[in-house]
Amino acid sequence: MSDRPSTESGPPEPSEPSEPSEPSKASTTSHASNASAAPADSSPTRESQSSPQPSPSPQPSAERTAPATETAAPAAPLPPDPQPGLYATPGDRPPATPAYLHAQRQRAHGAQQTWQPGRPWQPPISRPGATAKLRPAAPPLIRPAVLWAALATAVLSALLLGDGLGVNLLIVAVPAALAAAFAARAAGRRPRPWTATWAVGGLALLAVPALRDAGWPTFLAVVSAFALGSLALHGSRSWLGVLMGSVGTLDSVVPGIRWGWRGLRERADGSRGRWGTAVRTTAVALGLLVVFGTLFAGADANFADLLGRLTPDVTIVDGPLRTFLFLGGLVGALAAARTAAAPVRWDGLTVKAGKPRGRTEWALPLIVLDLLFAAFITLQLVVLLGGYDKAHEETGLNHADYARQGFWQLLWATLLTLLVIALAMRWAPRGGSRDRTLVRAVLGPLCVLTLVVVASALRRMDLYVAEYGLTRLRISVAAMELWLGVVIVLILAAGVFGARFLPRAIAVSAGAAVLAFGLVSPDAVVAEQNVHRFEGRRPIDLDYLKDLSADAVPALDKLPEPQRSCALRVIQGELRNTDSPWYATSWGEARAEEILRKRPATTERRSCYALGTDGVREGERDGYEQGHDDYDPY
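What you are looking at is a predicted structure, and each value in this text was computed from that prediction instead of being measured.

Novice: Please explain the nonpolar core as it appears in this structure.
Specialist: A general trend in soluble globular proteins is that nonpolar side chains are found buried together. Of all hydrophobic cores here, the largest spans 60 residues; its most connected members are Trp362, Leu556 and Leu559. Considering each element in turn, this core owes the most residues, 12 residues, to helix 18 (residues 433-468). Not counting the four nearest positions on each side in its chain, leucine 559 is found in contact with Val531, Phe534, Ile540, Leu542, Arg564 and Ala567.

Spelled out as structure tokens, the structure:
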């Protein structure tokens, strides 16, 4: 491989020197004789001492340095190559191109690898990624406060998160939020109203695990808290920005590790004495706590019990799990801080607007859909206002069949209507005020009619629950249908006041819905509704109720015996077999333990088997509904 790039003029090889003109032979020979004494990068000096023979007219440097296979010139002009005629003596080689100049030329021509005389292969030149234009400048060096907050998050994660979820998740989130706040302040970012909204909403959602024992509302709350926290770090406002910003913190996991390691290394190199002092101080403090804590625990049993409840139970067997939690907390805190210091600008992602359609082409299908909705709702109003008896009179269906029919179809109709509205806005005519009036006149009634469909679906769910009772699935889909109605109301408001805040408003409504769903305690609502049905001489499904969480214990405690003990015996066994510390115990679990401690479930399992599927003994069915259809596909 040659140690200098080829030129368009094709310089002759050293073994075949070009023939100089007659007047310049003497000067060329004298220069060739002194070539070994000149440094390799002295070509400008030699060129200035060459013969006064007129040289060809100079060409632009970009054209002389471009390879023969290239047709495009570099963006910036490059220094010219040395003239080959000065070193045309056989056995003499032209001076090497400087390394920095050669690398610059190779980058300009898109080379992947370069080689320099006496140097190894160079790594491939990195090209900007798809999101390079969205990324800001690198954040400043990580601050010590950020490092300490991230370390506190890691330690608390290792100590508290291994025994379950409760108030510990909120405790761990506090130093992680402080790390992000310190990093944002060091980078010059200041909180805004929407940032505070996302942050407060995320922390409020983490209170759900501390209050409720049920796992499914807790899962929804934790996922939603992560999404709102990520939005607080990014500050997105567009549709794609809100969607990508809710998971955008994951993009900072690897950069956060590199950022933290680089900052830790540079800080440690400049303050080794202070690190030693900090380690010694921590070791002395821990030693004093262990020694005197052991003495006080041996002196008083109550203090020993209190200390045992407050201190995390860490064993060698839990070593791998605790290590994983430590690393997870550290990486998560660094990713949050890195995002706060230099967030990806997801709002830079844009979707090309759809081609506007003609007024008739766009409006006619939607007007037909409006008429279809109006015809359906006209018939539904009879049922909405009349109830069961009117439904049987109009449809000929009995209570059970009508309760099963329609809700799921109406739920899908609501979802598809939102999709139709989104596509209609994409291809809506945008010619002026008349087109805006047309869009509002067509889509406004569609949104209003969809709200009536939502009300119809909720009414059908109410009839469904009155016939069969409430379950987790039924309360979940009813809550989802109710939130879709809120979304449609927000779309109507955007049509009147503008759609600038619509993406963020819908995200806030989703977080608020998940928070309300968790605080309401769906398991408690399910148990309360079924107990109320049983008190009204309706059947009850004890096999379903005994699998609820501890949140249902206060409602199930109102049942008479033996139904009460049959519904609570499984929950009581789970609570007795679980020895969770205070930070991993929810308020719902603590309340259930208190109730069962005062009135434990005492009925034996075989007595529960004597109860039928409706929770009533064979000889006690007088007064309860007979012939009930127990089949329920949902």
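Novice: What am I meant to see in the confidence of the model for the protein here?
Specialist: Any segment with low pLDDT has predicted coordinates that should not be analysed in fine detail. With 67% of its residues at a pLDDT of 70 or more, the protein has an overall mean of 76. Below a pLDDT of 50 lies the segment residues 110-121, which in the model reaches 21 contacts outside its immediate sequence neighbourhood of four places, other chains included. Across residues 622-634 the pLDDT falls below 50, and counting only partners more than four positions away or on other chains, this stretch makes 27 contacts in the model.

Novice: Teacher, can you tell me more about a positive patch on the surface here?
Specialist: A grouping of Arg192, Arg237, Arg345 and Arg500 is seen on the molecular surface, where their side chains present a positively charged patch. As for its placement among the helices and strands, arginine 237 is situated in the loop between helix 9 (215-234) and helix 10 (239-245).

Novice: Just checking my understanding: could you explain the packing of aromatic side chains for this structure?
Specialist: The relative placement of two aromatic rings is captured by the distance of their centres and the angle of their planes. Summed over all chains, the structure comprises 5 aromatic pairs. Residues tryptophan 194 and phenylalanine 501 carry aromatic rings whose centres are separated by 6.4 Å and whose planes lie at 25° to one another, so their mutual orientation is stacked. Placement of the pair is tryptophan 194 in helix 7 (residues 193-205) and phenylalanine 501 in the loop between helix 19 (472-497) and helix 20 (502-520), with a sequence separation of 307 residues. By relative accessible area, tryptophan 194 is classed as partly exposed at 25%. A ring pair is formed by tryptophan 216 and phenylalanine 517, whose centres lie 5.5 Å apart and whose planes are at 75°; its orientation type is edge-to-face. In this pair, tryptophan 216 sits in helix 9 while phenylalanine 517 sits in helix 20, placing the two residues 301 residues apart along the sequence. Each residue in the set Trp194, Trp198 and Phe501 is aromatic and connected to the rest through ring pairs, giving one cluster.

Novice: Help me understand a nonpolar patch on the surface, please; the structure alone is not making it clear to me.
Specialist: There is a patch of nonpolar side chains on the surface, built from Val284, Leu288, Val291, Phe292, Leu295 and Phe296 and spanning about 590 Å² of accessible area. With respect to the element layout, phenylalanine 296 can be found in helix 12 (residues 272-299). With relative accessibility at 48%, the residue phenylalanine 296 sits in the partly exposed group.

Novice: What exactly am I supposed to notice about the environment of alanine 601 here?
Specialist: Turning to its location among the elements, alanine 601 is positioned in the loop between helix 25 (587-598) and helix 26 (605-609). Considered as a pair, alanine 601 and isoleucine 571 are 30 residues apart in the sequence and their alpha carbons are 9.5 Å apart. If near-sequence neighbours (up to four positions away) are discounted, alanine 601 is found in contact with Arg564, Ser565, Leu568, Arg569 and Gln572.

Novice: Before we go on, may I ask you to explain unusual backbone geometry in this structure?
Specialist: Omega for the bond connecting glutamate 561 with proline 562 falls within 30 degrees of zero, at 5°, which places this linkage in the cis form. Structurally, proline 562 is set in the loop between helix 23 (553-556) and helix 24 (563-577). If you check the backbone angles, serine 521 has positive phi at about 65° while not being a glycine. Position of serine 521 among the secondary structure elements: in the loop between helix 20 and helix 21 (522-535). The backbone of arginine 537 shows a phi angle near 65°, a positive value even though the residue is not glycine. Structurally, arginine 537 is set in the loop between helix 21 and helix 22 (542-545). Residue classification places arginine 537 among the partly exposed positions, given a relative accessible area of 38%.

Novice: Sorry if this is basic, but what is going on with the pattern of salt bridges here?
Specialist: Proximity of charged atoms lets side chains of opposite charge pair with each other. For the structure shown, the criterion picks out 11 salt bridges. A salt bridge links lysine 558 to glutamate 528; the shortest N-O distance between them is 3.4 Å. With lysine 558 in the loop between helix 23 and helix 24 and glutamate 528 in helix 21, this residue pair connects regions lying 30 residues apart in the sequence. Judged by relative accessible area, glutamate 528 falls into the partly exposed class, the value being 37%. Among the ionic contacts, a cluster of salt bridges with common partners joins Asp557, Glu561, Arg564 and Arg599.

Novice: How should I be thinking about the environment of valine 223 in this particular structure?
Specialist: Along the chain, the position of valine 223 falls in helix 9. Here valine 223 falls in the partly exposed class, since its relative accessible area comes to 44%. Each C-alpha atom, one on valine 223 and one on leucine 205, is 9.1 Å from the other, the two residues being 18 residues apart in sequence.

Novice: Quick question: what am I supposed to make of the side chain of glutamate 481 here?
Specialist: Structurally, glutamate 481 is set in helix 19. Within the buried core, glutamate 481 has no salt-bridge partner, and the shortest N-O distance to an opposite charge, that of arginine 460, equals 10 Å. Excluding anything up to four places from it in sequence, glutamate 481 contacts Leu410, Leu411, Thr414, Val454, Ala457 and Leu458.

Novice: Looking at this model, I keep getting lost on the packing of helix 7 against helix 9. Mind explaining?
Specialist: Their axes nearest at 8 Å, the elements helix 7 and helix 9 cross at an angle of 160°. As the angle between them shows, helix 7 and helix 9 are arranged roughly antiparallel. In terms of crossing hand, the pair formed by helix 7 and helix 9 is left-handed. Contacts between helix 7 and helix 9 involve Thr195, Trp198, Ala199, Gly201, Gly202 and Leu205 on the former and, on the latter, Ala221, Ser224, Ala225, Leu228, Leu231 and Ala232. Here the residues of the contact of helix 7 with helix 9 are counted per class, giving 8 nonpolar, 4 polar and no charged.

Novice: Honestly, helix 6 (residues 167-186) in this entry has me stumped. Any pointers?
Specialist: An α-helix turns once every 3.6 residues. As a result, residues three or four positions apart point the same way. If you check helix 6, its first and last C-alpha atoms are 30 Å apart, about what 20 residues at 1.5 Å a residue would give, namely 28 Å. Among all positions in helix 6, only Asn168, Leu169, Val172, Ala173, Pro175, Ala176, Ala179, Ala180, Ala183 and Ala184 are buried. Backbone geometry just downstream of helix 6 places glycine 188 in the positive-phi region, at approximately 90°.

Novice: Is there a simple way to think about the packing of helix 19 against helix 20 in this case?
Specialist: Two numbers describe a pair of packed helices, the interaxial angle and the distance between the axes. Close contact between helix 19 and helix 20 brings their axes to 10 Å; oriented N to C, the two are set at 155°. When the axis of helix 19 is compared with that of helix 20, the two are roughly antiparallel. The two elements helix 19 and helix 20 meet at a crossing, and its hand is right-handed. Facing Ile475, Ser476, Ala479, Trp483, Val486, Val487, Leu490, Ile491 and Ala494 of helix 19, the residues of helix 20 in contact are Leu502, Ala505, Ile506, Ser509, Ala510, Ala513 and Phe517.

What counts and what doesn't
- Residues numbered from 1 in each chain as written.
- Predicted model: local features only at pLDDT ≥ 70, side-chain atom pairs only at ≥ 80, totals over all residues.
- Heavy atoms only, no water.
- Core = buried A, V, L, I, M, F, W, Y, C linked by side-chain atoms within 4.5 Å.
- Buried < 20%, exposed > 50% of the residue type's maximum accessible area, 1.4 Å probe, protein only.
- Helix = DSSP H or I, 4+ residues; strand = E, 2+ residues; numbered from the N terminus.
- Contact = heavy atoms within 4.5 Å.
- pLDDT = per-residue confidence, 0-100.
- Patch = residues over 30% accessible without salt bridge, like charges linked within 9 Å, V, L, I, M, F, W, Y side chains within 5 Å.
- Areas by Shrake-Rupley, 256 points an atom, 1.4 Å probe, with all protein chains shown as cover.
- Salt bridge = Lys/Arg side-chain N within 4 Å of Asp/Glu carboxyl O.
- Lys, Arg positive; Asp, Glu negative; His and termini not counted.
- Charge placed at Lys NZ, Arg CZ, Asp CG, Glu CD.
- Phe/Tyr/Trp six-rings, centres within 6.5 Å; stacked < 30°, edge-to-face > 60°.
- Axes fitted to C-alpha atoms, helices over the stretch in contact; angles between N-to-C directions.
- Parallel < 35°, antiparallel > 145°, perpendicular 65-115°, else oblique.
- Left-handed = near helix turned anticlockwise from the far one by under 90°.
- Nonpolar A, V, L, I, M, F, W, Y, C, P; charged D, E, K, R; others polar.
- Expected span 1.5 Å × (residues − 1).

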